[in-house]
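# Remarks on the overall topology
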Amino acid sequence: MINGFYAFLLLTITYSGQSLGAQVSVTAGYGYDSNPFKIPDKEAPNIGSDYKTFKVKYQSEKQAGKKTKKPKLRYRFELRKDIYGQGSSDADSSTIRGRLDWTQRFKIGDRKASVNLGAHLRREDNTYYSQTQRQVAETREGDLIDARRSFDSAELRVELKYYLNKKISWSVSSEIGQRN
């Protein structure tokens, strides 16, 4: 079991632009993490560290028209960075995420239907800290493998939905994804 405690001070600023249909959120924080490398508590040295976190999030949606309040296009972008103190800087991490969803509504006969296309992109950078070596992981030759937990991923999704009435619908969806 991994134990630890966190103390955290957070400041968030959010702006919603009604004319733009957008929302921007900027978050900054300062905290203390008693177990930044998430090492099981039996073997964990006392390596607590202070850290700073920054997060920027932008999201928006465009309406289908004045007749409906349902969005036709939604998109979101998020950037997060955690920076640890000097003794634990190997625990630093960063994440970049992007998401785009497009929905087209139409009728098949006298019933409503919609098609939704979505794309999700993500990049995450984490340092691989070896619990057995008690340091940033190394190969037998002494080369650092610090980016071992870093990855890029992408997903594409399509969904067709057919509404039988207000409470019942049928849907068919397909999704393809890749993660390295």
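Check the entry above for the structure.
Residues numbered from 1 in each chain as written. Predicted model: local features only at pLDDT ≥ 70, side-chain atom pairs only at ≥ 80, totals over all residues. Heavy atoms only, no water.

### Topic: the overall build of the chain
Scanning the chain from terminus to terminus reveals zero helices and 10 strands. When the helices and strands of the chain are listed from N to C terminus, the series reads β-β-β-β-β-β-β-β-β-β. Within the span of the chain, comprising 180 residues, buried residues form 24% of the whole. For the chain, contacts bridging at least 24 residues in sequence account for 49% of all contacts bridging at least 6. For the chain, the exposed surface amounts to about 12900 Å²; the carbon and sulfur share of it is 54%. (Helix = DSSP H or I, 4+ residues; strand = E, 2+ residues; numbered from the N terminus. Buried < 20%, exposed > 50% of the residue type's maximum accessible area, 1.4 Å probe, protein only. Contact = heavy atoms within 4.5 Å. Areas by Shrake-Rupley, 256 points an atom, 1.4 Å probe, with all protein chains shown as cover.)

### Re the environment of D152
Considering the arrangement of structural elements, one finds D152 in strand β9 (residues 151–163). For D152, the residues in contact, after removing those within four places along its chain, are R122, R123, Q178, R179 and N180. Polar contacts involving the side chain of D152 include one to the side chain of R123, which spans 2.9 Å. (Polar contact = N/O pair within 3.5 Å; in protein donor to acceptor, adjacent residues only side chain to side chain.)

### Examining the side chain of S49
The topology assignment puts S49 in strand β3 (residues 49–65). Given a relative accessible area of 5%, S49 falls into the buried group. Of the polar contacts made by the side chain of S49, one reaches the backbone nitrogen of G85; its length is 3.2 Å.

### Let's talk about the pairing of β9
Sheet topology note: the strand β6 (residues 111–126)/β9 ladder contains 12 bridges and is antiparallel. Looking across to β9, one finds that R123 is bridged to D152. With antiparallel pairing between neighbouring strands as the criterion, β9 and strand β10 (residues 169–179) make up a hairpin whose turn holds five residues. (Pairing = 2+ DSSP bridges.)

### Overview of the environment of S60
Mapped onto the secondary structure, S60 falls in strand β3. Along the primary structure S60 and P71 are separated by 11 residues, whereas in three dimensions their C-alpha atoms are 9.6 Å apart.

### With respect to the packing of aromatic side chains
For the structure on display, the rule yields two aromatic pairs. On the basis of an interplanar angle of 35° and a centroid distance of 6.2 Å, the ring pair of Y58 and Y75 is categorised as tilted. Taken together, the residues span a long stretch of sequence, with Y58 in strand β3 and Y75 in strand β4 (residues 68–84) at a distance of 17 residues. The exposure class of Y58 is partly exposed, given its relative accessible area of 31%. For Y75, a relative accessible area of 25% gives the class partly exposed. Here the basic side chain of R179 rests over the ring of F151, its NZ or CZ set 3.6 Å away from the ring centre. (Phe/Tyr/Trp six-rings, centres within 6.5 Å; stacked < 30°, edge-to-face > 60°. Lys NZ or Arg CZ within 6 Å of the ring centre and 35° of its normal.)

### Some points on the side chain of H120
Within the secondary structure, H120 is located in strand β6. Leaving out residues up to four positions away in the same chain, H120 has contacts with G98, R99, D101, S153, A154, E155 and R157.

### Quick look at the pattern of salt bridges
Applying the stated criterion across every chain, the model contains eight salt bridges. When the shortest N-O distance is used, the salt bridge between D101 and R157 registers 2.7 Å. Taken together, the residues D101 in strand β5 (residues 93–108) and R157 in strand β9 connect sequence positions 56 residues apart. By the burial criterion, D101 is buried, and R157 matches it. A salt bridge links D125 to R123, with the shortest nitrogen-to-oxygen separation between them at 3.8 Å. For R123, a relative accessible area of 41% corresponds to the partly exposed category. Via salt bridges that share partners, R99, D101 and R157 belong to a single interconnected network. (Salt bridge = Lys/Arg side-chain N within 4 Å of Asp/Glu carboxyl O.)

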